[in-house]
Amino acid sequence: MNPQAKLIFVTSLLLGTTITISSNHWMTAWAGLEINTLAILPLISKSHHPRAIEAATKYFLTQATASALVLFSSMINAWHTGQWDITQLTHPVSCLILTSALAMKLGLAPFHFWFPEVLQGSPLTTGLLLSTVMKLPPISLLFMTSHSLNPTLLACMAILSTALGGWMGLNQTQIRKVLAFSSISHLGWMTVIITYNPKLTLLNFYMYTLITMAVFLTLNTIKVLKLSTLMTAWTKTPALNAMLLLTMLSLAGLPPLTGFIPKWLIIQELTKQDMISTAMAISLLSLLSLFFYLRLAYCATITLPPHTTNHIKQWHTNKPTNTLIAILVTLSTALLPASPLITINI
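This is a predicted model, so every value here is computed, not measured.

## Structural notes on the packing of helix H7 (residues 136-145) against helix H10 (residues 198-222)
- H10 packs onto H7 with a crossing angle of 165 degrees between their chain directions and a minimal axis gap of 10 Å. On the basis of their axis angle, the class for H7 and H10 is roughly antiparallel. H7 and H10 meet at a crossing whose hand is left-handed. Taken together, the residues of H10 that come into contact with H7 (itself represented by Leu136, Ile139 and Phe143) are Pro198, Lys199, Leu202 and Phe205.

Right under this line is the structure:
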């Protein structure tokens, strides 16, 4: 892709995100979402592969439907209350339609079917944008309207997302699809707490973004897309693969690592709200996704390919590891001791 064109698309992406998260009026928020959608489409389809074109088409149709529902919801609310302010969403039908629209934007179950397909058809760098930057505008809208939304509906969608994200990721061999189902599962954790403590949702999103960036950039460095190639990639950069093991376990939320912070705080908050059954359900369902994180970690470092023939080892690269990846991996694994500083503001 032409560098100037890529610069324009990335700038538009940042512009759309900034417009949505800084707006108070529904029309400007909708305009930001539309700019975002149109800016990411060329980045998805830049390889001109049929799978990439299919992914871009699916993404466009889903996002266009969700944006229309956001507009419809805000118009119903304005019709009944005369308010176009995002924080003044009070009409129950508007709240219901908006929840569905933002769930579709995010890829939250039961509107999640498009996300693994789109991520599978995109390059790793675009997949990183789809999993992180593109989730920020809908999450910021959920954050601003969280006091108006139905907590029972959100809790049901969250538990369903965690269950489906873990369950459907078990049988995957394509790493991008595994990461897509991982994203759906994490969205469940973010959604379950948003009506009780919206700051925790944002903390979870920031932590998820940090760890996912480390994973995607590492995979992009070692040029791996499938489990079978991940098994033989350890010879390229052994140190980076060893850190990928820890980053995967952090994404799973295991205790001594950074990913444990949001899960610990969310379970604590749910217990305070007397939602012990919800906390138990979502914790047990996250064990499903732990299985495929462990499988990825195992393939990355611990196992050799189970082939009878001699497998061709890949060349060891002498290129130094990118400084950004080194910083992200360190933050993705070693931030737990700083949790008292993080919890002060929550």
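Here the narrative resumes, following the displayed structure.
## As for the pattern of salt bridges
- Under the definition given, this model contains three salt bridges.
- Across the pair Glu117 and Lys177 runs a salt bridge whose closest N-O atoms are separated by 3.4 Å. Of the two residues, Glu117 sits in helix H5 (residues 114-120) while Lys177 sits in helix H9 (residues 175-192), which places them 60 residues apart along the sequence.
- Since its relative accessible area comes to 28%, Glu117 is described here as partly exposed.
- The class of Lys177 is buried, set by a relative accessible area of 17%.

## Digging into the environment of Pro262
- In this structure, Pro262 sits in helix H13 (residues 260-272).
- Distance in space between the C-alpha atoms of Pro262 and Leu154 is 18 Å, their sequence separation being 108 residues.
- With residues near it in sequence (within four places) discarded, Pro262 still touches Asn204 and Met207.

## As for the packing of helix H12 (residues 238-252) against helix H14 (residues 276-302)
- H14 packs onto H12 with a crossing angle of 175 degrees between their chain directions and a minimal axis gap of 8 Å. Taken together, the axes of H12 and H14 are roughly antiparallel relative to one another. Between H12 and H14, the contacting residues are Asn241, Ala242, Leu244, Leu245, Met248, Leu249, Leu251 and Ala252 on the first element and Leu290, Tyr293, Leu294, Leu296, Ala297, Ala300, Thr301 and Ile302 on the second.
- Each residue belonging to the contact of H12 with H14 can be placed in one class, and the counts come to 14 nonpolar, two polar and no charged.

## So, the packing of aromatic side chains
- Enumeration over the complete set of coordinates arrives at five aromatic pairs.
- For the pair Trp114 and Phe115, a centre-to-centre distance of 5.4 Å together with 75 degrees between the ring planes defines the contact as edge-to-face.
- Measuring from centroid to centroid gives 6.0 Å for Phe260 and Trp264, while their planes differ by 5 degrees, and the two rings are stacked. In this pair, Phe260 and Trp264 both sit in helix H13, four residues apart, roughly one turn of the helix.
- Using a relative accessible area of 26% as the deciding quantity, one classes Phe260 as partly exposed.
- Trp264 gets classed as partly exposed once you look at its relative accessible area, which sits at 37%.
- Ring pairing ties together the aromatic residues Tyr59, Trp114 and Phe115, which thus form one cluster.
- Its guanidinium or amino end placed over the ring of Phe115, Lys135 lies 4.1 Å from that ring's centre, counting from NZ or CZ.

## So, the UniProt feature "transmembrane region" (unreviewed entry) in the chain
- According to UniProt, the feature "transmembrane region" (unreviewed entry) maps to residues 59-79, 91-115, 152-171, 178-196, 202-222, 243-267, 279-304 and 324-344 in the numbering used here.
- The span residues 91-115 is 68% helix and 0% strand, and its two end C-alpha atoms sit 29 Å from each other.

## Overview of the side chain of Thr162
- With respect to the helices and strands, the residue Thr162 is situated in helix H8 (residues 151-168).
- Of note is the side chain of Thr162, whose polar atom sits 2.8 Å from the backbone oxygen of Ala158.
- With residues near it in sequence (within four places) discarded, Thr162 still touches Ser185, Gly188, Trp189, Ile282, Leu285 and Ser286.

## Observations regarding H13
- In this model, H13 (13 residues) spans 18 Å end to end at C-alpha, consistent with the 18 Å of a helix rising 1.5 Å per residue.
- In this structure, the buried residues of H13 make contact with H9, H10, H12, H14 and helix H16 (339-343).
- Of the residues one or two after H13, Asp274 is the one with positive phi, at around 60 degrees.

## Some remarks on the domain arrangement of the chain
- One can read the domain layout of the chain as domain 1 (1-149) and domain 2 (151-308 + 318-345).
- The centre of domain 1, based on its C-alpha atoms, is set 23 Å off from the matching centre of domain 2.
- The partner domain 2 presents 36 residues to the 30 residues of domain 1 that form the contact.
- Between domain 1 and domain 2, roughly 2,900 Å² of surface is buried when both sides are summed, and carbon and sulfur atoms account for 80% of that area.
- The largest share of the area that domain 1 buries against domain 2 comes from Leu108, Gln120 and Leu124, three residues that together contribute 23% of it.
- Here domain 1 is connected to domain 2 by one salt bridge.
- In this structure, the connection of domain 1 to domain 2 is made through six residue pairs in polar contact (both at pLDDT 80 or more).

Rules behind the numbers
- Residues numbered from 1 in each chain as written.
- Predicted model: local features only at pLDDT ≥ 70, side-chain atom pairs only at ≥ 80, totals over all residues.
- Heavy atoms only, no water.
- Axes fitted to C-alpha atoms, helices over the stretch in contact; angles between N-to-C directions.
- Helix = DSSP H or I, 4+ residues; strand = E, 2+ residues; numbered from the N terminus.
- Parallel < 35°, antiparallel > 145°, perpendicular 65-115°, else oblique.
- Left-handed = near helix turned anticlockwise from the far one by under 90°.
- Contact = heavy atoms within 4.5 Å.
- Salt bridge = Lys/Arg side-chain N within 4 Å of Asp/Glu carboxyl O.
- Buried < 20%, exposed > 50% of the residue type's maximum accessible area, 1.4 Å probe, protein only.
- Nonpolar A, V, L, I, M, F, W, Y, C, P; charged D, E, K, R; others polar.
- Phe/Tyr/Trp six-rings, centres within 6.5 Å; stacked < 30°, edge-to-face > 60°.
- Lys NZ or Arg CZ within 6 Å of the ring centre and 35° of its normal.
- UniProt positions renumbered as here; feature names shortened; annotations may be inferred.
- Polar contact = N/O pair within 3.5 Å; in protein donor to acceptor, adjacent residues only side chain to side chain.
- Expected span 1.5 Å × (residues − 1).
- Domains from an automatic or database assignment.
- Buried area = accessible area lost by both parts, 1.4 Å probe.

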